[in-house]
Amino acid sequence: MHIQTEDLKKQYGSFKLNILDLKIKESDIFGLVGNNGAGKTTFLRLCLDLIQANDGRVLSGKIDVSKNEDWKEYTGSYLDEGFLIDFLTPEEYFDFVASLHDMSEQDKEKSLARFENLFNGEVLGQ
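My aim in this report is to walk through the structure given alongside it, one point at a time.

Procedures and definitions
- Residues numbered from 1 in each chain as written.
- Predicted model: local features only at pLDDT ≥ 70, side-chain atom pairs only at ≥ 80, totals over all residues.
- Heavy atoms only, no water.
- Pairing = 2+ DSSP bridges.
- Helix = DSSP H or I, 4+ residues; strand = E, 2+ residues; numbered from the N terminus.
- Contact = heavy atoms within 4.5 Å.
- Axes fitted to C-alpha atoms, helices over the stretch in contact; angles between N-to-C directions.
- Salt bridge = Lys/Arg side-chain N within 4 Å of Asp/Glu carboxyl O.
- Buried < 20%, exposed > 50% of the residue type's maximum accessible area, 1.4 Å probe, protein only.
- Parallel < 35°, antiparallel > 145°, perpendicular 65-115°, else oblique.
- Left-handed = near helix turned anticlockwise from the far one by under 90°.
- Nonpolar A, V, L, I, M, F, W, Y, C, P; charged D, E, K, R; others polar.
- Patch = residues over 30% accessible without salt bridge, like charges linked within 9 Å, V, L, I, M, F, W, Y side chains within 5 Å.
- Areas by Shrake-Rupley, 256 points an atom, 1.4 Å probe, with all protein chains shown as cover.
- Phe/Tyr/Trp six-rings, centres within 6.5 Å; stacked < 30°, edge-to-face > 60°.

Here we take up the pairing of strand β3 (residues 55-60). Direction of pairing for strand β1 (residues 3-12) relative to β3: antiparallel, over a ladder of 5 bridges. Bridge pairing in β3 links Thr5 to Val58. As paired strands, β3 and strand β4 (residues 63-64) are joined by 2 bridges and run antiparallel to one another. Paired with Leu59 across the strands is Asp64, a residue of β4. Linking β3 to β4, which pair antiparallel, is a turn of 2 residues; within it Gly61 sits at a positive phi near 70°.

So, about the sheet that holds β1. If you trace the 4 strands from one edge of the open sheet to the other, you get β2-β1-β3-β4, paired in antiparallel fashion. The open sheet is flanked by β2 (15-24) and β4, the only strands paired with a single partner. Its contacts with the sheet place helix α1 (residues 40-47) against β1, β2 and β3, and it is angled at close to 120° to β1.

Two side chains that carry opposite charge are able to pair once their charged atoms sit near each other. Under the criterion given, the structure shown has 7 salt bridges. Measuring nitrogen to oxygen at the nearest pair gives 3.1 Å for the salt bridge that ties Lys108 to Glu105. Here Lys108 and its partner Glu105 are both found in helix α4 (residues 105-113), 3 residues apart, which amounts to about one turn of the helix. On the basis of relative accessibility, which here comes to 8%, the residue Lys108 falls in the buried class. A salt bridge links Glu109 to Lys108, with the nearest nitrogen and oxygen atoms 3.5 Å apart.

Within the secondary structure, Asp21 is located in strand β2. Separated by 36 residues in the primary sequence, Asp21 and Arg57 have C-alpha atoms spaced 9.9 Å apart. If near-sequence neighbours (up to four positions away) are discounted, Asp21 is found in contact with Thr5, Glu6 and Asp7.

Turning to the packing of helix α3 (residues 90-100) against α4, a few remarks are in order. Relative to each other, α3 and α4 sit at 120°, their axes nearing to 10 Å. Judged by the angle between their axes, α3 and α4 are oblique. The way α3 lies across α4 gives a crossing that is right-handed. Residues Phe94, Asp95 and Ala98 of α3 touch α4, and the partners they reach there are Glu105, Lys108 and Leu112. Per-class residue counts for the contact of α3 with α4 are 3 nonpolar, no polar and 3 charged.

Residues Phe30, Leu32 and Leu44 make up a contiguous nonpolar surface patch of about 250 Å² in total accessible area. Positionally, Phe30 belongs in the loop between β2 and α1.

Looking now at the packing of aromatic side chains. Here the structure, examined in full by the defined rule, presents 3 aromatic pairs. Relative to Phe94, the ring of Tyr93 lies with its centre 5.9 Å away and its plane at 65°, an arrangement referred to as edge-to-face. By relative accessible area, Tyr93 is classed as buried at 17%. The rings of Tyr93, Phe94, Phe115 and Phe119 are connected pair by pair, giving a single aromatic cluster.

All we've got here are geometric facts, nothing functional implied.
And the structure:
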């Protein structure tokens, strides 16, 4: 699948990210470089529908990532844990990770039980 932007814009205060028309073909090797604060992480978060654009859209194949979740079936990414942990409770985070691995509730609980000593009663239910 390819990734395409159409007049993509995101603004935080005085920071403005504008990516008018970008096309990354399926066979392309793509590097994203820039100074701190240039918008690299913002762009990737827009591509993964983790934040909403002020204008424009991101297409994965022909799917608008903000309107349909079918693209998630063939998309992989690494999210820095700081981003997730800032917004999720421990239970929500473990549910998220378990869902990535198609784990049942029982399998998740069994896996977490191995870490009870490490958690020391200070992680789950807090």
